[in-house]
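Summary of the model geometry
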Amino acid sequence: MSVAQSWGFLVGGAVFLLAPSVAVIAGWRPCFLRGSRAPAPLLGLVGLCVYTGVLVDEIPRVAGASPGVRATCAYIGLGLMGTAVGLFVLYETLAGSDRRGRK
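The structure contained in this document is the topic of the report that follows.

Counting 11 residues, the largest nonpolar core consists of Val 24, Leu 33, Ala 38, Ala 40, Leu 42, Val 46, Cys 49, Ala 84, Leu 87, Tyr 91 and Ala 95. Looking at this core, the elements with two or more residues in it are helix H2 (41–63) and helix H3 (67–102). Excluding its chain neighbours within four sequence positions, the residues that come into contact with Val 24 are Pro 30, Ala 40, Pro 41 and Gly 44.

The structure is reproduced here in structure tokens:
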């Protein structure tokens, strides 16, 4: 992957993923979540985990780090992606119980 693509991931992620995630954690609820009692900040944490995983993976590539450092950062990023999946499953579990209660 080229340096320009790495910077594209970082800037695009900051605009389309980081900003809404921080807003949701701060209390903003998108229109499709306003009627739900499920904890929306979990979705913000999912976005933060995904962006941090990309950040941890891409910064060593841009900086030209050694292959060992890049591999270690890739494993850390993979762990953050797994955490994001776990948080999303938790959100869906809590939202599912909320959906069952509204029927």
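More follows now that the structure is in view.
Our focus in this paragraph is helix H1 (residues 3–25). Three- or four-residue spacings in an α-helix give side chains the same orientation, since the helix completes a turn every 3.6 residues. Counted at 1.5 Å a residue, the expected span for H1 with its 23 residues is 33 Å, and the 31 Å between its end C-alpha atoms agrees. The largest bend in H1 comes to about 45 degrees, at Ala 14. Within H1, burial applies to Ser 6, Leu 10, Gly 13, Ser 21 and Val 24. Phi turns positive, to about 120 degrees, at Gly 27, one or two residues after H1.

To continue, consider the environment of Cys 73. Its place among the elements puts Cys 73 in helix H3. Spatially, the C-alpha atom of Cys 73 lies 9.7 Å from that of Arg 61, the residues being 12 residues apart in sequence. The residues touching Cys 73, leaving out its near neighbours within four places in the chain, are Val 56 and Pro 60.

Inspection of the secondary structure puts Glu 58 in helix H2. No salt bridge is formed by the buried Glu 58; the nearest opposite charge belongs to Arg 61, separated by 4.0 Å. Setting aside chain neighbours within four positions, we find Glu 58 in contact with Met 1, Ser 6, Phe 9 and Leu 10.

Scoring rules and cut-offs
- Residues numbered from 1 in each chain as written.
- Predicted model: local features only at pLDDT ≥ 70, side-chain atom pairs only at ≥ 80, totals over all residues.
- Heavy atoms only, no water.
- Core = buried A, V, L, I, M, F, W, Y, C linked by side-chain atoms within 4.5 Å.
- Buried < 20%, exposed > 50% of the residue type's maximum accessible area, 1.4 Å probe, protein only.
- Helix = DSSP H or I, 4+ residues; strand = E, 2+ residues; numbered from the N terminus.
- Contact = heavy atoms within 4.5 Å.
- Expected span 1.5 Å × (residues − 1).
- Bend = angle between axes of the 7 residues up to and from the residue.
- Lys, Arg positive; Asp, Glu negative; His and termini not counted.
- Salt bridge = Lys/Arg side-chain N within 4 Å of Asp/Glu carboxyl O.

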